[in-house]
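# Fold and geometry: a report
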Amino acid sequence: MTISIPSITLSNIGPLLTLTVAGLLLLLMDALTPKGKKGYFPYLSLIALVIAAVQTTMLWNRSGTDFARMIYVDNFAFFFYLIFLLATGLTILISIKYLEDYHRNLEEYYTLLIFATIGMMLMAAGGHLILIFLGLEILSIAIYILAGLFREDVKSNEAALKYLILGAFSSAFLLFGMAMLYGATGSLFLDDLAQAIKAGVGTNPLLLFGMGLLIVGFGFKVSSVPFHMWTPDVYEGAPTSVTAFMSVGTKAAAFAALVRIFFLVFPEIKMEWNMLLWGLAVATMTLGNVVAIAQTNIKRMLAYSSIAHAGYLLVALVAANQLGAISFLYYLVAYTLMNLGAFAIVILVARKKDDYINIYDYCGLGFQYPALAAAMSVFMFALAGIPPTAGFVGKFYVFSAAVEAGYIWLAIIGVMNSLISVFYYLRITVLMYMRPAEADLGPVTMTPAISSAVLVTAAGVLAIGVFPGPLYELALNSVKIFVGL
Amino acid sequence: MVVPLIYYIALSSALFAIGVIGVLIRRNAIIIFMCIEMMLNAVNLSLVGFADHYQAIDGQMFVFFVMTVAAAEVAVGLALIVAIFRNKATVNVDELNLMKW
């Protein structure tokens, strides 16, 4: 018997290899370096991320599959690689000071962030259901540990356990859905699934059941209503830097896999799923925005706001046309920048001892720290979708995609939801500039790392808001793989 | 004797449903984990059934990945439960209510 080994090109997974090596190296060095000499670890991980980003840009415009069709090598995956690397890099920048303040500057933290990034990349590139599942679990298990990083803090414990139970619960739904898809078509490759559906197993009840379970599983991961219950608790209890990472990274990765599966495998049976997702999108936007109004804890408020943003992203998914896919990518970049920026400010304002995470702690920030307040206002305007920020352009693309696909009411509901969201985002701005300070915040220590993170995000939000063209072109290049749209 | 495919689907769906109900109604964190394991094993059963039906190997391969991942998940989960037990001396999820669900 002869065994044929498929030909592989290692450079196709170059960024993943770099990060894997970097993660393992960090773990090894952690064991060998004496205590107190580990201050350069975060910068080392940043270098690895930069190398991976350079490799990704060098791979740009490659197309096809590799590793016996297990991995998609295409611009869609590369675009997501860059989003993930950006999110991880910014998270590392905002974490250093925060972890030092809590005496938890553990080196494993950076290793786990890097491993989580690898998981996210596998989800974006996976061409086989096993690979998507593995990517999801690599990501999730790293984040379960990160959420429970403050071992002595009961809130952190609670958040980690809740996330673990609900995460494993939703993974089981996702897996059962994958098993049903396998049962309906006899293959686990996304290509083969798409072909089988084209060939006419579209109305097979097993297939529809599997698709429904996939929606449930991914719905948990992207925190769409009615599977959102864990989000506020986990976001509140987890360390703030981890919350920032979760709110952009996990969501982007789950959406990457969701979009790839739905636009590549299920476009033929669009009629079966778009009304379901229509309902999910409306419920997610509305509940997220309405409940966010009632929150006084800023982390909880941002958690509900992230639920609402998942709703806007679902609108782009429902539209299922080319503009929808483009707006989806654009919106994710914008969301990554503005949300991480907002969390950077939350970390700066909230310091040890008294956690200043009540929104009334932001009273008078505009007089004490004008630059900080100005940056926060930019992020709040962007999240609310006010021009000339990236949030506005993103929402404009998303809702035009919905109108183009004929979902006028969905666009109207979305715009009304943005109006509701203006209330709670602008409340922060009003508190910062129009109320006297209630408590003395004390000195806010700006380190170069976190200042540069705030600067990059604020500049990015404004830059891609004023000049959306180049990013639009990149996104257009990336979604050409979805021929069915 | 050949077991019809529908039997596999019915049994795994029943197991999965029992697991879901267990997660929703039991309050002990360890039992909740056992119920999640049951859900994962229901998936494994259906994968093996389908692999047998299609005379293909990939379904059985998937089972190994699921088992490995489940073990990793439980390792993290038990570590978290130990950390919680040290802080609060309970593993009842109803008493983990610092933040409202």
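My aim in this report is to walk through the structure given alongside it, one point at a time. (Residues numbered from 1 in each chain as written. Chains lettered and ligands numbered in written order. Predicted model: local features only at pLDDT ≥ 70, side-chain atom pairs only at ≥ 80, totals over all residues. Heavy atoms only, no water.)

Bringing the overall build of chain B into the picture now. Looking only at helices and strands, chain B has three helices and zero strands in total. Reading chain B from its N terminus to its C terminus gives the helix and strand order α-α-α. Seen through its C-alpha atoms, chain B measures out along the principal axes to roughly 55 × 25 × 20 Å. For chain B, the proportion of its 101 residues judged to be buried stands at 41%. Of the contacts made within chain B by residues no fewer than 6 positions apart, 52% connect residues no fewer than 24 positions apart. Counting every atom, chain B has about 5500 Å² of accessible surface; 70% of that belongs to carbon and sulfur. Across chain B, the 5 positively charged side chains and the 6 negatively charged ones have centroids separated by 18 Å. (Helix = DSSP H or I, 4+ residues; strand = E, 2+ residues; numbered from the N terminus. Buried < 20%, exposed > 50% of the residue type's maximum accessible area, 1.4 Å probe, protein only. Contact = heavy atoms within 4.5 Å. Areas by Shrake-Rupley, 256 points an atom, 1.4 Å probe, with all protein chains shown as cover. Lys, Arg positive; Asp, Glu negative; His and termini not counted. Charge placed at Lys NZ, Arg CZ, Asp CG, Glu CD.)

Each helix and strand counted, chain A has 19 helices and two strands in total. Computed over C-alpha atoms, the radius of gyration of chain A comes to 22 Å, within 12% of the 23 Å expected from 2.2 N^0.38 for 485 residues, which places it in the range of a compact globule. Counting only C-alpha atoms, chain A reaches 70 × 60 × 40 Å along its principal axes. Excluding contacts between residues fewer than 6 apart, the proportion of contacts in chain A whose partners are at least 24 apart in sequence is 81%. If you sum the accessible surface of chain A, you get close to 16000 Å²; carbon and sulfur atoms cover 70% of it. Where the 24 positive side-chain charges of chain A centre and where its 24 negative ones centre are 2 Å apart. (Rg over C-alpha atoms; globule rule 2.2 N^0.38 Å.)

Take the interface of chain B and chain A next. Where interface size is quoted, it is often the accessible area lost as the parts come together. Across the contact, 44 residues belong to chain B and 45 residues belong to chain A. Both sides together, the interface formed by chain B and chain A hides about 4000 Å², and carbon and sulfur atoms give 80% of it. For the pair chain B and chain A, the number of links is five residue pairs in polar contact (both at pLDDT 80 or more). Elements supplying a minimum of two residues to the side of chain B that touches chain A: helix H1 (5–25), helix H2 (29–54) and helix H3 (58–88) of chain B. If one sorts the elements of the side of chain B that touches chain A by residue count, H3(B) sits on top with 17 residues. Residue composition of the side of chain B that touches chain A, by class: 33 nonpolar, seven polar and four charged. (Buried area = accessible area lost by both parts, 1.4 Å probe. Polar contact = N/O pair within 3.5 Å; in protein donor to acceptor, adjacent residues only side chain to side chain. Nonpolar A, V, L, I, M, F, W, Y, C, P; charged D, E, K, R; others polar.)

Turning to the pattern of salt bridges, a few remarks are in order. Residue and element names in this part refer to chain A. Inspection of every chain in the model, using the stated rule, returns ten salt bridges over all chains. Taking the shortest distance from any N to any O, the salt bridge between Asp-74 and Arg-260 comes out at 3.0 Å. Taken together, the residues Asp-74 in the loop between strand S2 (71–72) and helix H3 (75–101) and Arg-260 in helix H10 (residues 240–264) connect sequence positions 186 residues apart. Under the relative-accessibility criterion, Arg-260 is labelled buried at 1%. For Lys-97, the salt bridge is made with Asp-101, and the minimal N-O distance between the two is 3.1 Å. Highlighted residues: Lys-97 and Asp-101, both in helix H3, separated by four residues, approximately one helical turn. (Salt bridge = Lys/Arg side-chain N within 4 Å of Asp/Glu carboxyl O.)

Right, let's get into the packing of aromatic side chains. Residues and elements named next belong to chain A. For the structure shown, the criterion picks out 32 aromatic pairs over all chains. Summarising the aromatic geometry, the rings of Phe-169 and Phe-173 are spaced 5.2 Å apart at their centres and angled 85° between planes, so their arrangement reads as edge-to-face. Taken together, the positions of Phe-169 and Phe-173, both in helix H6 (residues 154–185) and four residues apart, correspond to about one turn of that helix. In terms of burial, Phe-169 and Phe-173 fall into one category: buried. (Phe/Tyr/Trp six-rings, centres within 6.5 Å; stacked < 30°, edge-to-face > 60°.)

Here we take up helix H9 (residues 230–237) of chain A. Most of H9(A) is tucked away, with eight of its eight residues classed as buried. For H9(A), every residue scored as buried is listed here: Trp230(A), Thr231(A), Pro232(A), Asp233(A), Val234(A), Tyr235(A), Glu236(A) and Gly237(A).

With that settled, the discussion passes to H1(B). A turn of α-helix holds 3.6 residues, and therefore any two residues three or four places apart point the same way. All names here are of chain B. Over its 21 residues, H1 runs 31 Å from end to end, which matches the ideal 30 Å to within 8%, given 1.5 Å per residue. All of the buried residues along H1 are Ile-9, Ser-12, Phe-16, Gly-19, Val-20, Gly-22 and Val-23. Buried residues of H1, seen end-on, are gathered within an arc of 160° and therefore sit on one face of the element. Of the exposed residues in H1, the ones pointing more than 90 degrees away from its buried face are Ile-6, Tyr-7, Leu-24 and Ile-25. (Expected span 1.5 Å × (residues − 1). Arc of directions from axis to C-beta.)

Turning our eyes to something else, we now look at the side chain of Asn12(A). Residue and element names in this part refer to chain A. Relative to the helices and strands, Asn-12 is located in the segment before helix H1 (14–32). A polar contact is formed between the side chain of Asn-12 and the side chain of Arg-62, at a distance of 2.6 Å. What Asn-12 contacts, discounting residues up to four positions off in sequence, is Leu-59, Arg-62, Asp-66 and Val-73.

With that settled, the discussion passes to the nonpolar core. Inside soluble globular proteins, nonpolar side chains tend to come together where they are buried. Counting residues in hydrophobic clusters, the biggest one holds 237 residues, and the most contacted among them are Phe80(A), Phe266(A) and Phe62(B). If you tally residues by element for this core, the top one is helix H13 (residues 322–349) of chain A, at 21 residues. Setting aside chain neighbours within four positions, we find Phe62(B) in contact with Leu129(A), Ile130(A), Phe133(A), Leu175(A), Met178(A), Leu188(A) and Leu47(B). (Core = buried A, V, L, I, M, F, W, Y, C linked by side-chain atoms within 4.5 Å.)

Read these as layout, nothing more, since geometry by itself doesn't imply function.
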